[in-house]
Amino acid sequence: MRLRKSRQCFPSCSSRHKVDEDEVYWKRKKSSEELEWSHNSSHVILQLTQCFANAMVGPRSWIAGLFTRSPYKRHDKVLDFCLTPHLEQRLQKLQERMRTPFDETRPDHQEALRSLWIAAFPDVPLKGLISEQWKDMGWQGANPSTDFRGCGFISLENLLFFSRTYPASFRRLLFKQGGQRATWEYPFAVAGINVSFMLIQMLDLQSEKPRRLPGVTFVKLLGEDESAFDVLFCIAFEMMDAQWLAMRASYMEFNEVLQVTRTQLERELSLEDVHRIKDLPAYNLLYQ
């Protein structure tokens, strides 16, 4: 841009209040830019509002709950945390579940897989534990056992718990009901395994004692409810789907959506007044 040469007004000029032409020019330009910024900002805020609205499910907003509640002083709470014998017992039991690999030769593991199929497709007979039918549930291939290698049997237990405890929510996510869905959606079953793995990492459950506030809060919740991890899985799955819709994501953006979900869940687990799993704002996303 070519700069305009300024005209100075000295005391000897005929008028001491003569306005510099450049000053008028820049004031008008600044006013125009501020107006344009205001218009663009309003547009962005409108888009964000729509995204939040898409993520609000159920009678109350889980996002509103976040903005009206304050987090703990993280450092102090982690330092003061001490594992009681009760909490240690609950944590060790959960860690034993985590260490159990899926074994396609074990009858109880085979039965759990069949039960998941029945929960998803009660009117469709399963042809076998190795069948192309499994792809309809969102497994990568004809043999679901190959997808469990990254997380183990606990991820199947999580999916089963979801189907039995919150069947309406389970089926809504499985069949991608509600919201403006993507042309290339995330595969339900594999997404569930990724949610299980994300929770294990986020909560630092492979350590003897959690080292971050979300993990400390979770262990306390586990002391109150032995099924806390399974319920948290259902909440996290619902949060992930809500974020998916809000971000209008597609298959290739799944990891990004999962990371945003993790960040949101970490924030909820850092809230001051979370004493039970049902105190999490996102618990309201679950359909019972």
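Nothing here was measured: the structure is a model prediction, and the numbers come from that model. Residue indices follow the written sequence of each chain, beginning from 1 at its first position. Selection of residues for local features in this predicted model requires a pLDDT of at least 70, selection of side-chain atom pairs for listing and counting requires 80 or more, and totals for whole chains, interfaces and linings are taken over all residues. Hydrogen atoms and water are omitted, and side-chain values are computed over all heavy atoms in the structure.

(A) Inspection of the nonpolar core at higher detail. Here, nonpolar core refers to any group of buried Ala, Val, Leu, Ile, Met, Phe, Trp, Tyr and Cys residues whose side-chain atoms link them within 4.5 Å. Accessible area is worked out with a 1.4 Å probe on protein chains only. A residue is then buried under 20% of its type maximum, exposed over 50%, and partly exposed in between. Membership of the largest hydrophobic core comes to 73 residues, with the highest contact counts inside it found for M137, L199, F218 and F237. Labels follow the DSSP assignment, with helices taken as runs of H or I lasting at least four residues and strands as runs of E lasting at least two, numbered in each case from the N terminus. Of all the secondary structure elements, the ones that give two or more residues to this core are α4 (85–98), α5 (107–120), α6 (153–165), α7 (167–174), α8 (188–202), α9 (213–224), α10 (228–246) and α11 (254–268). Among the elements that line this core, the one with the most residues is α10, at 13 residues.

(B) Layout of the packing of aromatic side chains. Note on ring pairs: Phe, Tyr and Trp rings are taken, using the six-membered ring of Trp, and paired if centres are within 6.5 Å. Classes follow the plane angle, with under 30 degrees stacked, over 60 edge-to-face and the rest tilted. Taken as a whole, this structure holds 17 aromatic pairs when the rule is applied. Arranged with centres 5.7 Å apart and planes meeting at 80°, the rings of F233 and F237 form a pair that is edge-to-face. Of this pair, F233 and F237 both sit in helix α10, 4 residues apart, which is roughly one turn of that helix. A single burial state applies to F233 and to F237, both of which are buried. Here the aromatic cluster, defined as three or more aromatic residues joined through ring pairs, consists of F162, F170, Y186, F188, F233, F237, W244 and F254. Positioned over the ring face of Y186 is K176, at 4.3 Å from the centre of the ring. Lysine and arginine charges are scored as sitting over a ring when NZ or CZ, respectively, is within 6 Å of the ring centre and within 35 degrees of the ring normal.

(C) View of the environment of V190. Assignment of secondary structure puts V190 in helix α8. Considered as a pair, V190 and Q140 are 50 residues apart in the sequence and their alpha carbons are 7.3 Å apart.

(D) Quick look at the packing of α7 against α10. Their axes nearest at 11 Å, the elements α7 and α10 cross at an angle of 40°. With respect to α10, the axis of α7 lies oblique. For α7 against α10, the interelement crossing comes out left-handed. Here α7 contributes S169, R172 and L173 to the contact with α10, which in turn contributes F237, E238 and D241. For the contact of α7 with α10, a count of residues per class yields 2 nonpolar, 1 polar and 3 charged. For helices, the axis comes from a line fit to the C-alpha atoms of the stretch in contact; other axes are also lines fit to C-alpha atoms, and the angle between any two N-to-C directions lies between 0 and 180 degrees. Each angle is binned into one of four classes, with values under 35 degrees roughly parallel, values over 145 roughly antiparallel, values of 65 to 115 roughly perpendicular, and all other values oblique. The crossing is said to be left-handed when, going from far helix to near helix, the turn is anticlockwise and less than a right angle, and right-handed when the turn is clockwise. Residues count as neighbours in contact if any of their non-hydrogen atoms are within 4.5 Å of one another. Each residue gets one label: Ala, Val, Leu, Ile, Met, Phe, Trp, Tyr, Cys and Pro are nonpolar, Asp, Glu, Lys and Arg are charged, and the others, such as Gly, are polar.

(E) Here's a closer look at the side chain of S196. Inspection of the secondary structure puts S196 in helix α8. In contact with S196, not counting residues within four places along its chain, are C151, S155, N158, F229 and F233.

(F) The arrangement of the pattern of salt bridges in detail. Salt bridges, as used here, are contacts in which a Lys or Arg side-chain nitrogen is within 4 Å of a carboxyl oxygen on Asp or Glu. The full count for this structure, using the stated rule, is 14 salt bridges. R172 is the partner of E238 in a salt bridge, and the nearest nitrogen-oxygen pair spans 2.5 Å. Of this pair, E238 sits in helix α10 while R172 is found in helix α7, placing the two residues 66 residues apart along the sequence. Just as E238 is buried, R172 falls in that class too. When the shortest N-O distance is used, the salt bridge between D279 and R276 registers 3.5 Å. Accessibility expressed as a relative area gives 48% for R276, which makes it partly exposed. A cluster of three or more residues bridged by salt bridges with shared partners is formed by R172, R181, E185, E238 and D241.

(G) Local environment of the packing of α5 against α6. Contact geometry for α5 and α6: axes closest at 10 Å, N-to-C directions at 35°. As α5 packs across α6, the resulting crossing turns out to be left-handed. Of α6, the residues touching α5 (which contributes H109, A112, L113, S115, L116 and A119) are F153, L156, L159, L160, S163 and R164. Of the residues contributing to the contact of α5 with α6, the split by class is 8 nonpolar, 3 polar and 1 charged.

(H) Examining unusual backbone geometry more closely. Phi at D204 takes a positive value of approximately 60°, unusual for a residue other than glycine. Checked against the element boundaries, D204 lands in the loop between α8 and α9. Accessibility expressed as a relative area gives 16% for D204, which makes it buried. Unusually for a residue other than glycine, R248 sits at a positive phi of about 50°. A relative accessible area of 58% means that R248 is categorised as exposed.

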